[in-house]
Amino acid sequence: MAENRAPLLERMMYYESCPGCKMERRKEERRGIPYKEFLYVWIVTLCTALPISILFPFLYFMIRDLHVAKREEDIGFYAGFVGASFMFGRALTSAFWGLVADRCGRKPVIVIGICAVIIFNTLFGLSTTYWMAITTRLLLGSLNGLLGPIKAYSIEVCRPEHQALGLSLVIKFRICCLIKYILCPSQMHNSGTLAVSFQVSTAWGIGLIIGPAIGGFFAQPAEKYPNIFSQDSFFGRFPYFLPCFCVSLFAVGVFILCFWLPETLHRHNANKMQDGTIEVLEAPSHGSGLKENTNECEERAPTENLFKNWPLMSSIIVYCVFSLHDMAYTEIFSLWAVSDKIYGGLSFSSQDVGEVLAISGFSLLVYQLFLYPSLEKILGPITSSRVASVLSIPLLAAFPFMTKLSGLGLSLIVNCASLLKNILSVTIITGTFILQNNAVPQHQRGAANGIAMTGMSLFKTAAPACAGIIFSWAQKRQYASFLPGDQVVFFILNVVEFIGLLLTFKPFLALPNK
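As the structure is a computational prediction, the values presented were derived from the model and not from experiment.

Thoughts on the overall build of the chain
So, point 1. Scanning the chain from terminus to terminus reveals 23 helices and zero strands.
So, point 2. Evaluated residue by residue, the chain yields a buried proportion of 56% over its 514 residues.
So, point 3. Summing over all exposed atoms, the chain offers an accessible surface of approximately 22400 Å²; the carbon and sulfur share of this is 65%.

Quick notes on helix 2 (residues 35-53)
So, point 1. The end-to-end C-alpha separation of helix 2 is 26 Å, in line with the 27 Å expected for 19 residues at 1.5 Å each.
So, point 2. Along helix 2, the sharpest kink reaches roughly 30 degrees, centred on cysteine 47 and followed within four residues by the proline proline 51.
So, point 3. Burial within helix 2 is extensive, with 16 of its 19 residues counted as buried.

Description of the nonpolar core
So, point 1. Of all hydrophobic cores here, the largest spans 103 residues; its most connected members are Ile114 and Phe399.
So, point 2. With 17 residues, helix 18 (residues 310-338) is the largest single contributor of residues to this core.
So, point 3. Excluding anything up to four places from it in sequence, phenylalanine 399 contacts Tyr329, Phe333, Trp336, Ala417, Ser418 and Phe490.

Focus: a nonpolar patch on the surface
So, point 1. Nonpolar side chains collect at one region of the surface, where Val252, Ile256, Phe259 and Trp260 lie side by side and expose about 450 Å² of accessible area between them.
So, point 2. Here valine 252 is to be found in helix 15 (residues 241-257).
So, point 3. By relative accessible area, valine 252 is classed as partly exposed at 33%.

A short note on the packing of helix 2 against helix 15
So, point 1. The contact between helix 2 and helix 15 brings their axes to 10 Å, and the two run at 150 degrees. One finds that helix 2 runs roughly antiparallel with respect to helix 15. As helix 2 runs across helix 15, the sense of the crossing is left-handed. Where helix 2 approaches helix 15, its residues Tyr40, Ile43, Val44, Leu46, Cys47, Leu50 and Pro51 are matched on the opposing element by Val247, Phe250, Ala251, Val254 and Leu257.

Brief notes about helix 6 (residues 130-143)
For an α-helix the count is 3.6 residues per turn, leaving residues at separations of three or four pointing the same way.
So, point 1. Helix length check: helix 6, at 14 residues, gives a terminal C-alpha distance of 20 Å against a target of 20 Å (1.5 Å per residue), a fit within 8%.
So, point 2. Tyr130, Ala133, Ile134, Thr136, Arg137, Leu140, Gly141 and Ser142 are the residues of helix 6 that are buried.
So, point 3. Elements in contact with the buried residues of helix 6: helix 2, helix 3 (59-66), helix 4 (75-104) and helix 5 (106-125).

Side note on the packing of helix 20 (residues 372-398) against helix 23 (residues 487-503)
So, point 1. Where helix 20 contacts helix 23, the axes come no closer than 9 Å and their chain directions differ by 170 degrees. Comparing the axis directions of helix 20 and helix 23 gives the class roughly antiparallel. On helix 23, the residues touching Arg386, Ala388, Ser389, Val390, Ser392, Ile393, Leu396 and Ala397 of helix 20 are Phe490, Leu493, Asn494, Glu497, Phe498 and Leu501.
So, point 2. The residue inventory of the contact of helix 20 with helix 23, partitioned by class, reads nine nonpolar, three polar and two charged.

Rules of the game
- Residues numbered from 1 in each chain as written.
- Predicted model: local features only at pLDDT ≥ 70, side-chain atom pairs only at ≥ 80, totals over all residues.
- Heavy atoms only, no water.
- Helix = DSSP H or I, 4+ residues; strand = E, 2+ residues; numbered from the N terminus.
- Buried < 20%, exposed > 50% of the residue type's maximum accessible area, 1.4 Å probe, protein only.
- Areas by Shrake-Rupley, 256 points an atom, 1.4 Å probe, with all protein chains shown as cover.
- Expected span 1.5 Å × (residues − 1).
- Bend = angle between axes of the 7 residues up to and from the residue.
- Core = buried A, V, L, I, M, F, W, Y, C linked by side-chain atoms within 4.5 Å.
- Contact = heavy atoms within 4.5 Å.
- Patch = residues over 30% accessible without salt bridge, like charges linked within 9 Å, V, L, I, M, F, W, Y side chains within 5 Å.
- Salt bridge = Lys/Arg side-chain N within 4 Å of Asp/Glu carboxyl O.
- Axes fitted to C-alpha atoms, helices over the stretch in contact; angles between N-to-C directions.
- Parallel < 35°, antiparallel > 145°, perpendicular 65-115°, else oblique.
- Left-handed = near helix turned anticlockwise from the far one by under 90°.
- Nonpolar A, V, L, I, M, F, W, Y, C, P; charged D, E, K, R; others polar.

Without other data, these values stay purely geometric and don't point to any function.
Structure representation (structure tokens):
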């Protein structure tokens, strides 16, 4: 018994020059939450996520000022491809950067991704042509391949009991889950998959607050703040550089911080070690003996083909359909809100859009922290997703008629509608994510989430481009007899929502065996 209770590090081979071994020993010596490492994870992930969310408040105006669209109705067509280029680049290279991280280390890939943000996000703000904007966004997505490595890194820097918290910081870059963990550690420990999935979708709120606020308040500074920036100044000639520069400046600080970022990849010759030593070294330590850990690894060796796991694949397909809808809605809402009222829009400024999205993001954060857990306990993930889908349909159908309002009434209704739509969307996404994680054992969740991430990236690549094309087409048919103007846009969004709703029922969606 005493031998079994001995610390794991006393019973394994340890290499002083191996960064992975150093991290394992550090985790064994410090059993608490690794706050410093989690702070690194959160800051790095936030750095790579901000370039996505700052874009939407000013994209319409940027395409207009690049003079690529011959008519105002065509702006949405071109804006869609700019929004899709980042996701397309990420979908092309995600697997490659994952392989590089497994061979060369997590830290080099993280540093390269941050450098890509500094360089190409800055160049995007300096874009003078449409193709320069497309190219810089594509290269930014292609070279910013740290999402998979940082996900692995977040698990490798902490003990097993803290891995759910670490992973949640990566997937949706939020700090509020850390506060929640400190206040209610027993709840986080016992909630299992719900804890991970709840934190995953909650984190989107922080991005909705920071990103759109930066994009909305700092774009076109010479027009908004003429007392500070003149039209003849640098920021007057490049009106969309300032929000991009703010994000790039933050990335420079993160780049400097990366010098203190510890590597976690093991680097030693496996042939010189005893059989099973590497597996035991990387396995979770709970005070069990060497034999128990070895047997656990042997039991996990024969893994099921995930593509034959229909409960998993069906939940991923449902997740991708709703992700397609969510991304298309985000693109369309920003274009619709800033387009002129004669084309069925709201004539909002980029600052107005930023305010709406920031308010929605903050309210969404409150909802996820305090309301969603109770809702999920009462209804369950599937029923809550279905209810949210049903409620989304009449809400989306009402959006085109908001153009008849004005003043304070318009602002109030749009904010309430945007808030409610985001709450419904995050309820659906959280429910489908719970189903994904319940469909596989714990040791397969990394691969399962990798499949889901690839599918989601492909769907989110298509969403902005298709949304932009449909939006541009709709603005040219303002006087059509059937679904004129933007009514047809929100009708198509409802069709996608309805398809996703149908897929949540049997026989398509299969539930995993308990």
